[in-house]
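Chain by chain, the residues run as shown.
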Amino acid sequence: MELHVEDHPDPLDIEVLEAQIRREASAAMGLGDEVELAIFVRDAGRVVAGISGWTWGDCCELQNLWVDPSLRGQWLGARLVAAAEAEAIRRGCTQTIHFTWGFQAQPLYRRTGYELVGRV
């Protein structure tokens, strides 16, 4: 068997890996299915802000939070975080993990009560 390095893998091939990992972890740990989570703010159909991630078992992972620069400073980001938290709780989550770059939303997360517990 040969190993193949791919710079632009087929998204369907990546989905095979993710689906198998989820299936095996769900079976081993009784986590159920991963469910996507996304909340958007639209203006005339165009996305101007949003937050997305997923929930799985008792965990919510938020991977993307963005607010159009013209709308920043209006607490829209905090409202998106609060809405995602409420939905995660509704889904049975007891923990939330956020991923952000150092130059981005860390002040927002601190203002909304989060603290940095790890850095990669």
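The rules we used
- Residues numbered from 1 in each chain as written.
- Predicted model: local features only at pLDDT ≥ 70, side-chain atom pairs only at ≥ 80, totals over all residues.
- Heavy atoms only, no water.
- Helix = DSSP H or I, 4+ residues; strand = E, 2+ residues; numbered from the N terminus.
- Buried < 20%, exposed > 50% of the residue type's maximum accessible area, 1.4 Å probe, protein only.
- Contact = heavy atoms within 4.5 Å.
- Areas by Shrake-Rupley, 256 points an atom, 1.4 Å probe, with all protein chains shown as cover.
- Lys, Arg positive; Asp, Glu negative; His and termini not counted.
- Charge placed at Lys NZ, Arg CZ, Asp CG, Glu CD.
- pLDDT = per-residue confidence, 0-100.
- Patch = residues over 30% accessible without salt bridge, like charges linked within 9 Å, V, L, I, M, F, W, Y side chains within 5 Å.
- Salt bridge = Lys/Arg side-chain N within 4 Å of Asp/Glu carboxyl O.
- Core = buried A, V, L, I, M, F, W, Y, C linked by side-chain atoms within 4.5 Å.
- Pairing = 2+ DSSP bridges.
- Axes fitted to C-alpha atoms, helices over the stretch in contact; angles between N-to-C directions.

**Notes on the overall build of the protein**
Thinking step 1. Within the protein, the regular secondary structure consists of 3 helices and 4 strands.
Thinking step 2. Its helices and strands in sequence order give the protein the pattern α-β-β-β-α-β-α, from N to C terminus.
Thinking step 3. Along the first, second and third principal axes, the C-alpha set of the protein runs to 55 × 35 × 35 Å.
Thinking step 4. For the protein, the proportion of its 120 residues judged to be buried stands at 26%.
Thinking step 5. Across the protein, the fraction of contacts at a sequence separation of at least 24, relative to all contacts at a separation of at least 6, is 46%.
Thinking step 6. Carbon and sulfur atoms make up 56% of the accessible area of the protein, which amounts to about 9,000 Å² in all.
Thinking step 7. Side chains of the protein carry 11 positive and 18 negative charges; the gap between the two charge centres is 12 Å.

**Describing the confidence of the model for the protein**
Thinking step 1. A residue-level look at the protein finds 97% of positions with pLDDT of 70 or above and a mean pLDDT of 88.
Thinking step 2. Looking across the protein, the model is least confident in helix α3 (residues 106-111), with a mean pLDDT of 75, and most confident in strand β1 (residues 35-43), with 96.

**Some words on a nonpolar patch on the surface**
Thinking step 1. Nonpolar side chains collect at one region of the surface, where I14, L17 and I21 lie side by side and expose about 280 Å² of accessible area between them.
Thinking step 2. Within the secondary structure layout, L17 lies in helix α1 (residues 11-29).
Thinking step 3. Its relative accessible area of 52% is what places L17 among the exposed residues.

**As for the pattern of salt bridges**
A side chain of one charge can pair with a side chain of the opposite charge if their charged atoms are brought near each other.
Thinking step 1. Within the structure shown, the criterion is met by 4 salt bridges.
Thinking step 2. As a salt-bridge pair, E87 and R90 come within 2.6 Å of each other at their nearest N and O atoms. Taken as a pair, E87 and R90 lie in helix α2 (residues 76-90) at a separation of 3 residues, close to a single helical turn.
Thinking step 3. The exposed category is assigned to R90, whose relative accessible area is 61%.

**Some remarks on a negative patch on the surface**
Thinking step 1. Where like charges cluster on the molecular surface, the negative patch consists of E6, D7, D10 and D13.
Thinking step 2. In this structure, E6 sits in the segment before α1.

**Topic: the nonpolar core**
Soluble globular proteins: nonpolar side chains tend toward being buried together.
Thinking step 1. Counting residues in hydrophobic clusters, the biggest one holds 15 residues, and the most contacted among them are I51, C60 and L62.
Thinking step 2. Contributing elements (two or more residues each) for this core: β2 (46-56), β3 (59-67), α2 and α3.
Thinking step 3. Residue contributions to this core peak at 6 residues, all from α2.
Thinking step 4. Here C60 is in contact with L37, W54, T55, A88, C93, Q95, T96 and I97, once residues within four sequence places are set aside.

**A short note on the sheet that holds β3**
Thinking step 1. One open sheet accounts for 4 strands, arranged β1-β2-β3-β4; its pairing is mixed. Of all strands in the sheet, those with a lone pairing partner are β1 and β4 (95-98), marking the two edges. Averaged over all pairs of adjacent strands, the angle between strand axes in this sheet comes to 20 degrees, irrespective of strand direction.
Thinking step 2. As paired strands, β1 and β2 are joined by 9 bridges and run antiparallel to one another. Within the sheet, the bridge partner assigned to E36 lies in β2 and is W54.
Thinking step 3. On the sheet, α2 packs against β1, β2, β3 and β4 and is oriented at approximately 160 degrees with respect to β3.

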